[in-house]
Amino acid sequence: MTKSVQHWIGGRAVEGTSGDWGPVTDPATGEVTTRVALASAADVDTAVAAAKAAYGTWGTSSLAQRTTVLFRFRALLDAHRDEIAALITAEHGKVHSDALGEVARGLEIVDLACGITTQLKGELSTQVSHRVDVAAIRQPLGVVAGITPFNFPAMVPMWMFPLAIACGNTFVLKPSEKDPSPSIRLAELLAEAGLPDGVFNVVQGAKPAVDRLLEHPDVAAVSFVGSTPIARYVHQKASEHGKRVQALGGAKNHMLVLPDADLDAAADAAVSAAYGSAGERCMAISAVVAVGAIGDELVEKIRERAEKIKIGPGTDPDSEMGPLITAAHRDKVASYVTGAAADGCEVVLDGTGLTVDGHENGHWIGLSLLDKVPTTAKAYQDEIFGPVLCVLRADTYDDGVALINASPFGNGTAVFTRDGGAARRFQLEVEAGMVGVNVPIPVPVGYHSFGGWKDSLFGDHHIYGNDGVHFYTRGKVVTTRWPDPAEAPSGVDLGFPRNH
C-alpha cells in the first residue's frame, strides 16, 4: 500500500478512532494501492459536532461571503480538474475523458451555487391589509449530510454540498469507501478557497457510518444516491429520526426506437449510453425497445459499433471503456450474461471472457448485447450496472410505452423518432422523471433538477436545481404591521383576524 486516505473533520485530515482500514483497489490492475480509514460512530459524532459548531457563524454569514468562497473554489476546481480526474480513474477505473466529463458536470452545480444570491431571493407583498406587509424568506436547516456512490466520486458530492453550503448549511459527506480520494481533494480545495473549518467534513466508512448519520439528532437532512434497496432503507431510517430526506435509487432506463427513427443515430446513442463508463451509471440506457419491424436492423447496427469499442486502462488515451469497480461486481455482471440464454434471451455479444494484455488481474468485462429479451429475464428485471444492453421488441408505440411504464423504475427514458407528435405524446405519457427526445441520457443541466419517479426516488425533492435549493432551506413567512402614531389604538378584538 502506498497511500492512506483519512477523514476530513474541522478543516484537517484526521485518522479517526476506530483503527479500522479498508482496501482501495486499482480496477485496471486488481492491486490494492491505498487504504482508507473506516469511521466509527464516534468519528461521525466528531464530524457532526464540528459541523454544528461551524453552523453558528456560517449559517448567519452574508451571501457575499459565501459566494466569494464558492467563486474561489470554482477557480481551483477548474485549475485542478485533470488532477481530480486522474484520482477518479485510479480508483474507479473510468477512462480519463469520462472522468473529466464528471468533473465538468460537477462544476455546473458549483456555477449554480455561485449564483445563490438570486436563488435565495424572498418574496414581499405590501399592504395585504391596512399597514400590514408579508414577506416569505428561506433559511438554512443546519447540519446536513450526503451519502454518495462509487460511480461518480466527484460529481455526485458536487450535486449536494455546493448548494447546501451556499444556502448556509454545514455539510458532512460520507463517500464510497471504494474510491475515497476525490472527496478529500475536494475538501482541500474548499479549505484553500477560504471555507471556514467545519463547514465541510468528510467521514470515510461503510454502513456503521451511514447508520450513525441517519440517526444523529443534530443532522437535519440527508441526501443519498445509490441503489433502490439502500435508497429505501435510507429514506425509512432517516425519516424515522425526523430528518428531511432525498434518496435517489436505481434505474432501468429504456430507449424507445420508433420505426421512423434514424437508426444509425439511434445505434450510436444506444452504444454510447449503454456502455459509457462500463455501464456504471444510473442514467445508462440498459434496455432498448425496438418498435415494429426495425429490430433486426437496429440490433445489427448496435452490434457492429459495440465490437469496435476499445477496452483498456483508463490511463490509456486510446481506451474508450475501462474496467468495473471490483472483481465481485464484475462476476455479478457476468452472471446475467451467462444465464441469459436460459432465461430466453438471444445472446448476440458475450463479453464475459475478456482479458486485457498486461493487466490480466484487472476487473475486466467486455460489451454484451442481448436480443429478444423477455420481461421475465433477470437481465431485464434487475439493475445490472454494467456493460450489458437488453433489446426488447414491441409491435406498436402503445405497446412500447406500456412496457416501459410497467417497470418499477422511473429514472430516465428516451424516445428516438422524427415524428414530433409521437415525441410529444411520449414525454407526456411515459412514467419517468427525466425524458430525452433523440437524447439518450437526459441528465438535466445544473439549473434544472435531477430525479426519477417510482422506485428511483424516495422523498419529495429532486436533487440540485430549484429542488436542491428548496431541499436545503426551509420557508418562513413574516407578517409585519407598523401602526401610524397618529392613529388611535384599535382596541381589543376577539374576532377572527380579517384582511381589510
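Residues numbered from 1 in each chain as written. Predicted model: local features only at pLDDT ≥ 70, side-chain atom pairs only at ≥ 80, totals over all residues. Heavy atoms only, no water.

A.B. asks: It is not clear to me how the state of the cysteines should be interpreted in this structure. Could you clarify?
C.D. replies: Disulfide: a covalent bond formed between the sulfur atoms of two cysteine residues. As enumerated under the stated definition, the model contains 0 disulfides in all. No disulfide involves Cys114; its nearest neighbouring cysteine sulfur is the one of Cys167, lying 13 Å away. Accessibility expressed as a relative area gives 8% for Cys114, which makes it buried. (Disulfide = S-S within 2.5 Å. Buried < 20%, exposed > 50% of the residue type's maximum accessible area, 1.4 Å probe, protein only.)

A.B. asks: Where do I start with the layout of surface pockets in this structure?
C.D. replies: Over the atoms a probe the size of a water molecule is rolled, and this reveals where empty space is left. The computed volume of the largest pocket comes to approximately 950 Å³. Looking at the largest pocket, it is lined by 34 residues, and the ones nearest its centre are Phe150, Phe224, Gly226, Ser227 and Ile230. Sorting the residues of the lining of the largest pocket by element identifies helix H8 (207-215), strand S11 (219-225), helix H9 (228-240) and helix H12 (327-338) as the ones contributing at least two each. Of the residues contributing to the lining of the largest pocket, the split by class is 17 nonpolar, 10 polar and 7 charged. Considered as a void within the structure, the second largest pocket measures approximately 330 Å³ in volume. Lining the second largest pocket are 13 residues, and of these Arg481, Asp493, Pro497, Arg498 and His500 lie nearest its centre. Of the residues contributing to the lining of the second largest pocket, the split by class is 3 nonpolar, 7 polar and 3 charged. (1 Å grid on protein atoms, 1.4 Å probe; cavity = no way out; pocket = protein on both sides within 12 Å on 5 of 7 lines; lining within 4 Å. Points joined across faces, edges and corners; volume = space filled by probe spheres on them. Helix = DSSP H or I, 4+ residues; strand = E, 2+ residues; numbered from the N terminus. Nonpolar A, V, L, I, M, F, W, Y, C, P; charged D, E, K, R; others polar.)

A.B. asks: Where do I start with helix H1 (residues 41-58) in this structure?
C.D. replies: Think of an α-helix as turning once every 3.6 residues; residues three or four places apart then point the same way. Its 18 residues place the ends of H1 25 Å apart at the C-alpha level, agreeing with the 26 Å of an ideal helix rising 1.5 Å per residue. Buried residues of H1: Asp43, Val44, Ala47, Val48, Ala50, Ala51, Ala54 and Trp58, and no others. Down the axis of H1, the buried set is contained in an arc of 155 degrees. They therefore lie on one face. (Expected span 1.5 Å × (residues − 1). Arc of directions from axis to C-beta.)

A.B. asks: Got a minute to help me understand the sheet that holds strand S1 (residues 3-5) in this structure?
C.D. replies: Spatial strand order, S1-S5-S4: 3 strands in an open sheet with mixed pairing. Looking along the sheet, the strands with just one partner apiece sit at the ends: S1 and strand S4 (21-26). Neighbouring strand axes in the sheet, compared pairwise and without regard to direction, differ in orientation by 35 degrees on average. Where helix H3 (residues 81-92) meets the sheet, its contacts fall on S1, S4 and strand S5 (31-37), and the angle it forms with S4 comes to roughly 100 degrees. (Pairing = 2+ DSSP bridges. Axes fitted to C-alpha atoms, helices over the stretch in contact; angles between N-to-C directions. Contact = heavy atoms within 4.5 Å.)

A.B. asks: Explanation requested: the packing of aromatic side chains in the structure shown.
C.D. replies: How two aromatic rings sit relative to each other is set out by the distance from centre to centre and by the angle between their planes. Counted according to the given criterion, the structure contains 9 aromatic pairs. Between Trp159 and Phe450 the ring centres are 4.5 Å apart and the planes differ by 45 degrees, which places this aromatic pair in the tilted class. Pair noted here: Trp159 is in helix H6 (residues 155-166) and Phe450 is in the loop between strand S20 (434-437) and strand S21 (453-454), with a separation of 291 residues, a long-range link. Across the pair, exposure class does not vary: Trp159 and Phe450 are buried alike. A ring pair is formed by Trp159 and Tyr464, whose centres lie 5.3 Å apart and whose planes are at 70 degrees; its orientation type is edge-to-face. Taken together, the residues Trp159 in helix H6 and Tyr464 in the loop between strand S22 (457-458) and helix H16 (465-471) connect sequence positions 305 residues apart. (Phe/Tyr/Trp six-rings, centres within 6.5 Å; stacked < 30°, edge-to-face > 60°.)

A.B. asks: Hey, could you run me through the sheet that holds strand S7 (residues 132-140) in this one?
C.D. replies: Each strand in a sheet pairs with another by means of backbone hydrogen bonds, the pair being arranged parallel or else antiparallel. The strand order across the open sheet built from 3 strands is S6-S7-S23, with neighbouring strands paired in antiparallel fashion. Looking along the sheet, the strands with just one partner apiece sit at the ends: strand S6 (123-129) and strand S23 (473-481). Across the sheet, the mean angle from the axis of one strand to that of its neighbour is 25 degrees, orientation sign disregarded. When S6 meets S7, the two strands line up antiparallel, connected through 4 bridges. Paired with Glu123 across the strands is Ala136, a residue of S7.

A.B. asks: Would you take a moment to explain the packing of H1 against H8 for this structure?
C.D. replies: Each packed pair of helices is defined by two parameters, the angle between the axes and the distance between the axes. Where H1 meets H8, the axes come as close as 9 Å, and the angle between the chain directions of the two elements is 45 degrees. As the angle between them shows, H1 and H8 are arranged oblique. Crossing geometry of H1 relative to H8 is assigned as right-handed. Taken together, the residues of H8 that come into contact with H1 (itself represented by Ala41, Val44, Asp45 and Val48) are Ala209, Arg212 and Leu213. Residue composition of the contact of H1 with H8, by class: 5 nonpolar, no polar and 2 charged. (Parallel < 35°, antiparallel > 145°, perpendicular 65-115°, else oblique. Left-handed = near helix turned anticlockwise from the far one by under 90°.)

A.B. asks: Explanation requested: the environment of Lys310 in the structure shown.
C.D. replies: On the secondary structure map, Lys310 appears in the loop between helix H11 (295-306) and H12. Lys310 sits 172 residues away from Trp482 along the chain, and the two C-alpha atoms are 72 Å apart. When near neighbours in sequence (up to four residues on either side) are disregarded, Lys310 contacts Asp316, Asp318, Ser319, Glu320 and Met321.

A.B. asks: Would you mind showing me how to read H12 here?
C.D. replies: Its 12 residues give H12 an end-to-end C-alpha distance of 16 Å, which sits within 8% of 16 Å, the value for a rise of 1.5 Å per residue. Buried residues belonging to H12 abut strand S15 (346-349), strand S16 (368-371), helix H13 (378-381) and strand S17 (388-394).

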